[in-house]
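Below, each chain spelled out in residue letters.
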Amino acid sequence: MRKILCIGAGYVGGPTMAVIAKHCPQYEVRVVDMNADRIAAWNSDQLPIYEPGLKDVIDIARGRNLFFLTDETIAEQIDWADIIFVSVNTPTKAFGLGAGRAADLQFWEKTARQILQHATSPKIIIEKSTLPVRTAEAMSHILNTNSIGVQFDVLSNPEFLAEGSAIRDLEEPDRVLIGGHNTPSGQRAIETIVELYANWVPREKIITTNLWSSELSKLVANAFLAQRISSINAISALCEKTEADVEEVAFAIGTDKRIGPHFLRASVGFGGSCFKKDILNLVYICEQQGLPEVAEYWQQVLKMNEYQGARFVANMVHSMFNSLSGKRIALFGAAFKANTSDTRESPALVVCRELLEERADVILCDPHALENARQDLDEQAEKVNFVADPYQAAKGAHAIAILTEWAYFANLDYHQIYNSMAHPAFIFDGRNILDHQALFKLGFNVYPIGKAPLQHFNHGRT
Ligand SMILES: NC(=O)c1ccc[n+]([C@@H]2O[C@H](COP(=O)([O-])OP(=O)(O)OC[C@H]3O[C@@H](n4cnc5c(N)ncnc54)[C@H](O)[C@@H]3O)[C@@H](O)[C@H]2O)c1
């Protein structure tokens, strides 16, 4: 039986190992984390993250060949395993050289040193975390300083799952990418991991490359995805000035096969733990490699995202007669996207903080993400009302802003909501999920993204 260990039981480590364990009953999979609360949650019915379908997969594998453990026994687990996935967090560095841009590799390096300390037999070490290109080189240097002659093969196997559809993405990935060295042992290690995935992924979807291409591809994939969002968001600003409709423009350009229809939805901006940090990291690497023009090109993707959030709030202020002070504003959505409880870098929290600056009375409403929002807002949380029920949240409000595209928000009884609000009632659809004409007919003043607003009066906007 093959023995797999994963270090890091977060949004990636937990779901990824659960799907591997489900499809490979002949492997034993153990997942360790230094966060004991997280491990307790993985072992309970209240999983630490919300993902559609995750519970079903956990129910199949947990206790059979999938085990979640605290890191008290990490020495034993490392020595036990043949294959070690490292799926720890790699946030943006907050201090020292490269602060605010470079990846902070302290968690990843700590695990490498733990592996070095406790391993007494050969291992395949897999970078599952997103890392700067050529990190594996540093890892190999650390691991191969061992004096007991243990062989470590370092591979890169970046994760492309998207939160909110993680289980579907893992069950039917567009591709699995495995990078390794072109040496006999590197190639043997690659083949071992290809065999693992081939238990459920068609072989033609398993791509093998050299290590550096694999590491870089993950950063580039995220940079391209974020770039598409910033591109359509830039056009949404122009649509609002010209009475073009961004959805019509997106559809018209998306029919071109060279452009394609996906990822062309204008919105209040992208969030999540990855896009911003990975682009910052790409920008930093380009600068380090003496490529300032390339760095600046990618930096612009982030600048446009910040602009879109700021523009959204400015539009609220202008539309509501240039003052939000003391006005009750219900924010529908705290998660950075639908179908997840994750609020890291969520545009909803960016808008929330800006509205607090404007001294608005903010009510935050979300079906799954309120607890994470409370933690992320930190000391500002005490100024916010957290209300799970959207009807309660909207009661007496001057405005609603849709900030997460939960389908649930599109299907509410807006007639009832309108009647319970202060008038004139405003609705700012930061995700373009509502029926704008219908809301306008109910009496709302409606402000979509990238479309002309529907107002019952002519003043208030600049
Ligand atoms: N979240 C995503 O959608 C996503 C998608 C693809 C790739 N990634 C990448 O995957 C990596 C992990 O992301 P995540 O969202 O799962 O992060 P996360 O913060 O949810 O999980 C990381 C976990 O690692 C644990 N950890 C850190 N150091 C440890 C150590 N030495 N021993 C034991 N546990 C340790 C932490 O306690 C935490 O629970 C990051 O590099 C990220 O960029 C994330």
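Bear in mind that the values here come from a model prediction, so they are computed numbers and not experimental data.

Draft legend 1. Region of interest: the overall build of the protein. Within the protein, the regular secondary structure consists of 18 helices and 14 strands. Relative to the globule expectation of 23 Å for 462 residues, the C-alpha radius of gyration of the protein, 24 Å, shows essentially globular dimensions. Looking at the protein residue by residue over its 462 residues, the buried ones come to 46%. By sequence separation, contacts in the protein at least 24 residues apart represent 73% of the contacts at least 6 residues apart.

Draft legend 2. Region of the structure containing the sheet that holds strand E11 (residues 385–386). A sheet is described by the order of its strands in space; here six strands give the open sequence E11-E10-E9-E12-E13-E14, paired in parallel fashion. The sheet terminates laterally at E11 and strand E14 (445–447), the two strands that pair on one side only. Relative to E11, strand E10 (residues 361–365) is paired through two bridges, and the arrangement is parallel. Bridge pairing links Leu364 to Phe386 in E11. Sheet contacts for helix H12 (residues 292–319): strand E12 (399–402), strand E13 (426–429) and E14; angle to E13, the most-contacted strand, approximately 165 degrees.

Draft legend 3. Just the packing of helix H9 (residues 211–242) against H12, in detail. As a packed pair, H9 and H12 sit with axes 9 Å apart at the nearest point and diverge in direction by 45 degrees. Put simply, H9 runs oblique to H12. Viewed along their axes, H9 and H12 form a crossing whose handedness is left-handed. In contact with Ala223, Ala226, Gln227, Ser230, Asn233, Ala234 and Ala237 of H9, H12 contributes Trp298, Val301, Met304, Asn305, Gln308 and Arg311.

Draft legend 4. Structural view of helix H1 (residues 13–23). Of all eleven residues in H1, eleven are buried, a share of seventy percent or more. Residues Gly13, Gly14, Pro15, Thr16, Met17, Ala18, Val19, Ile20, Ala21, Lys22 and His23 constitute the buried set of H1.

Draft legend 5. Highlighting the site of the ligand. Close to the ligand lie 27 residues; Gly8, Gly10, Tyr11, Ser129 and Thr130 are nearest. Counting only elements with at least two residues in the shell around the ligand, the list comes to strand E2 (27–33) and helix H5 (106–118). In terms of residue count, the dominant contributor to the shell around the ligand is H5 (three residues). Residues of the shell around the ligand, tallied by class, amount to ten nonpolar, eleven polar and six charged.

Draft legend 6. View of the domain arrangement of the protein. Entries for the protein in the domain assignment read domain 1 (2–201) and domain 2 (256–462). Computed over C-alpha atoms, the centres of domain 1 and domain 2 are 34 Å apart. Taken together, the contacts link 17 residues of domain 1 with 16 residues of domain 2. Among the residues making up the side of domain 1 that touches domain 2, the classes are represented as nine nonpolar, five polar and three charged.

Draft legend 7. How the structure looks around the packing of helix H11 (residues 275–288) against H12. Between H11 and H12, the least distance of the axes is 8 Å, while the angle of their chain directions is 165 degrees. Classified by the angle between their axes, H11 and H12 sit roughly antiparallel to one another. Here H11 and H12 pass one another in a crossing that is left-handed. Taking contact as the criterion, the partners of Lys276, Ile279, Leu282, Val283, Cys286 and Glu287 in H11 are, on H12, Pro292, Val294, Ala295, Trp298, Gln299, Val301 and Leu302. In terms of residue class, the contact of H11 with H12 is made up of ten nonpolar, one polar and two charged.

Draft legend 8. How the structure looks around the environment of Val86. As for its position among the elements, Val86 is in strand E4 (residues 83–86). The exposure class assigned to Val86 is buried, which follows from the 24 C-beta atoms found within 10 Å. Discounting chain neighbours no more than four positions away, the residues touching Val86 are Ile7, Gly8, Trp108, Thr111, Ile125, Ile126, Glu127, Lys128 and Ser129.

Draft legend 9. Quick peek at H9. Here H9 is 32 residues long and its end C-alpha atoms lie 47 Å apart, about the 46 Å a rise of 1.5 Å per residue gives. Taken as a whole, H9 carries its principal kink of about 25 degrees at Ser217. Of the residues trailing H9, Glu243 is marked for its positive phi of about 65 degrees.

Draft legend 10. Region of the structure containing unusual backbone geometry. Look at the link from His423 to Pro424: it is a cis peptide, with omega at 5 degrees. Secondary-structure assignment places Pro424 in the loop between helix H17 (414–420) and E13. Phi is positive for Asp378, close to 55 degrees, though the residue is something other than glycine. Considering the arrangement of structural elements, one finds Asp378 in the loop between helix H14 (370–377) and E11.

Draft legend 11. Up close: the pairing of strand E6 (residues 152–156). Of all five residues in E6, five are buried, a share of seventy percent or more. Burial of the side chains of E6 extends over both faces: Phe152, Val154 and Ser156 are buried on one face and Asp153 and Leu155 on the other. Bridge analysis of strand E5 (residues 123–127) against E6 gives five bridges, and the strand direction is parallel. Bridging across to E6, Glu127 finds its partner in Ser156. Remark: the E5/helix H6 (residues 135–143)/E6 crossover connection has right-handed handedness.

Conventions we followed
- Residues numbered from 1 in each chain as written.
- Predicted model: local features only at pLDDT ≥ 70, side-chain atom pairs only at ≥ 80, totals over all residues.
- Helix = DSSP H or I, 4+ residues; strand = E, 2+ residues; numbered from the N terminus.
- Rg over C-alpha atoms; globule rule 2.2 N^0.38 Å.
- Buried ≥ 20, exposed ≤ 12 C-beta atoms within 10 Å, placed from the backbone.
- Contact = placed C-beta atoms within 7 Å.
- Pairing = 2+ DSSP bridges.
- Axes fitted to C-alpha atoms, helices over the stretch in contact; angles between N-to-C directions.
- Parallel < 35°, antiparallel > 145°, perpendicular 65-115°, else oblique.
- Left-handed = near helix turned anticlockwise from the far one by under 90°.
- Near = placed C-beta within 6 Å.
- Nonpolar A, V, L, I, M, F, W, Y, C, P; charged D, E, K, R; others polar.
- Domains from an automatic or database assignment.
- Expected span 1.5 Å × (residues − 1).
- Bend = angle between axes of the 7 residues up to and from the residue.
- Right-handed = clockwise from strand over helix to strand, strands pointing away.

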